[in-house]
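Architecture at a glance
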Amino acid sequence: MAELNRCIFSGMSILLGQNWQHHHAVVVENGVIKAILHEEMIQHHLPAKQYSFSKQHYLIPGLIDLHIHGAEDNDVMDGNVEALLSISRVLVAEGVTGFLATTMAMENSYLEEVLKTIAAAIPSREGAAILGVHLEGPFIATAKMGAQRGEYCQPPDLILFQRLQDAAEGAIKLVTLAPELPGALSMVESLHSMDIIASVGHTNATYAETCAAIDVGCSHATHLFNAMRGLHQREPGAVGALLLSRDVYAELIVDGVHLHPAIVELALRVKGKEKVVLVTDAMRAKCLGDGQYDLGGQRVAVQGQKATLQDGTLAGSTLRMPQAIKNMMQYTQCSLAEAIYMASYNPATVLKLADRKGTIEVGKDADLVVMDASLEVMMTMRGGVEVFSVLSSTEKENIS
C-alpha cells in the first residue's frame, strides 16, 4: 500500500499514556505522529486522509510480541523469508506492529542459516516489523527443555554466540539461557556489555544461582513459571528470584493454559504492571485450529487452546495478542489501558525502543491500531502505512 503523506484519526477513544482521551485527534505525517490535538483543531491540518470512528472504538499504540515462533502454518525455524513475511502479515491482523522472531535449539549450522534468513527479512515493509531475534536456545537446560530438543541444548559458548550473531547481522536482541550451566555468568556479563538482553529461562537454577545471574546483568524472564524451577518454601528457585527482583521484566503467556489465573494475578501483584510483558509464544498452529503440527522437528497436537507434544509437554500456544489482553483483564481485574501497556510500552522499553514505539506521542513512529468495543482489530498502521484493515473499499471511501 502507498505511504500516506498525512492522515488524521478522530472520533474514537485514544490511549495517551495510560489514560483515555475523548474528542481528540491524532495527526500522522511522513510516518510519525505529528500532532495530538482537540478535534476542533483538525481543520488546521487539512488536507489529509481522515479516519473517523465512533467513540466505541479505541486507538491504541501498536502491540509488540517479544516471543513468537510462528503462525498460520509458518515457523521462524522454517528458514525461509516467505515464512517470516507470512508471520508478519498475520500479526498485523491482531494489532502487533513489531516482534522478535524467536528461534529454537537446533543443529548449529542450521540455526546459522535460519538467522541469516531472518536478517534478510528484517528490511521488509510487509506486515509487522521484525525488530530482531529472540534466541531461545541452545543455551538451555535439558532438565527444563520443555518442547525443545535435548540433543541440541548446550552450555553457553561465547564463540558460538558470536558466530550466531554474525549470521544474524547483529539482530539478536534477547538471549534465553539457564544460569546454572557452565559459562552462563560470563555469557550474561558479555551480553550485558553488548547491550543484548539476557533472559532467565528453560532453567533448573536455584534461587542463589538465579540471583547471581541477575546481579551480573540478567534483566528478563522467559515465560515466567513455565520451564523453570518453581517456588518452594525452602528453595524459592528461579521463580522466587525473578519475582522478587525489581530489575527483571517477566514474560507471561496468559492463554488460560500455561498459567492458572491466580498465578497471573500473583505475578502482576508482585511485579507490578511496569515489569510484566504479555507474550504469545505462539507456534505455527496459531490461526489454524485443531490438528497435528510440527515444532522444531517434533509432532505437536493442538486441541482447543492447548498445544502439546506426544508426552503431554506444552509446546507453545495458539494465543492471539488481543485475547491475551482480554484474559489479563479477566484474571487480574486490571484495566484495559494497563493490559495494553503490558503489550506495548513494556516490550518497547525492554528493547530500548520506547523513544520511538510503545505509546501514542508526538514524534514517535505512527504504529497505530484501531480496535472495536470487543477488542477486535479493525485497522493497523505501521510507520504511517496502513498494513491491515477489515474495512471495505466503500467504507474507506466514506472515511476519506
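For the structure, see preceding data.
Presented here is an overview of the structure given in this document. (Residues numbered from 1 in each chain as written. Predicted model: local features only at pLDDT ≥ 70, side-chain atom pairs only at ≥ 80, totals over all residues. Heavy atoms only, no water.)

Quick look at the packing of aromatic side chains
In plain terms, the rule: The aromatic pairing rule takes the rings of Phe, Tyr and Trp, using the six-membered ring of Trp, and pairs them if the centres are within 6.5 Å, calling planes under 30 degrees apart stacked, those over 60 edge-to-face and the rest tilted. By definition, any uninterrupted DSSP run of H or I lasting at least four residues is a helix, any uninterrupted run of E lasting at least two residues is a strand, and each is numbered from the N terminus. Each residue's exposure class comes from its accessible area (1.4 Å probe, protein chains only) as a fraction of the maximum for that residue type: buried when under 20%, exposed when over 50%, partly exposed otherwise.
Going through the model one piece at a time under the given rule, you end up with three aromatic pairs. Ring centres of Trp 20 and Tyr 58 lie 4.9 Å apart, and the angle between their planes is 45°; this geometry places the pair in the tilted category. Of this pair, Trp 20 sits in strand S3 (residues 19-21) while Tyr 58 sits in strand S7 (residues 58-61), and the two are 38 residues apart along the sequence. Here Trp 20 falls in the partly exposed class, since its relative accessible area comes to 24%.

Quick look at the pattern of salt bridges
Quick note on the threshold: The rule for a salt bridge is simple: a side-chain nitrogen of Lys or Arg has to be within 4 Å of a carboxyl oxygen of Asp or Glu.
In the structure shown here, the tally under the stated rule is 17 salt bridges. A salt bridge links Glu 29 to Arg 6, with the shortest nitrogen-to-oxygen separation between them at 2.9 Å. Highlighted residues: Glu 29 in strand S4 (residues 24-29) and Arg 6 in strand S1 (residues 6-10), separated in sequence by 23 residues. Look at Glu 29 and you get buried, because its relative accessible area is 16%. The residue Asp 367 makes a salt bridge to Lys 357 at a minimum N-O spacing of 2.8 Å. With Asp 367 in the loop between helix H10 (345-350) and strand S21 (368-371) and Lys 357 in the loop between H10 and S21, this residue pair connects regions lying ten residues apart in the sequence. Several salt bridges converge on common partners, so that one network encompasses Arg 356, Lys 357, Asp 365 and Asp 367.

Observations regarding helix H8 (residues 321-332)
How we decide: The span expected for a helix works out to 1.5 Å for each residue beyond the first.
A rise of 1.5 Å per residue sets the reference length of H8, with its twelve residues, at 16 Å; its end C-alpha atoms lie 16 Å apart and thus fit the reference within 8%. Gln 333 lies just past H8 and shows a positive phi near 65°.

Observations regarding the packing of helix H2 (residues 108-121) against helix H3 (residues 158-167)
Cut-off, in case you're wondering: Think of each axis as a best-fit line through the C-alpha atoms, taken over the contacting stretch in the case of a helix, with angles from 0 to 180 degrees between the N-to-C directions. Should any heavy atoms of two residues lie within 4.5 Å, those residues are considered in contact. Here the term charged refers only to Asp, Glu, Lys and Arg, the term nonpolar to Ala, Val, Leu, Ile, Met, Phe, Trp, Tyr, Cys and Pro, and the term polar to all other amino acids, Gly among them.
It is at 7 Å that the axes of H2 and H3 come closest, and there the two elements cross at 35°. On the side of H2, the interface is formed by Asn 108, Leu 111, Glu 112, Leu 115, Lys 116 and Ala 119, while H3 contributes Leu 160, Arg 163, Leu 164 and Ala 167. Tallied by class, residues from the contact of H2 with H3 come to six nonpolar, one polar and three charged.

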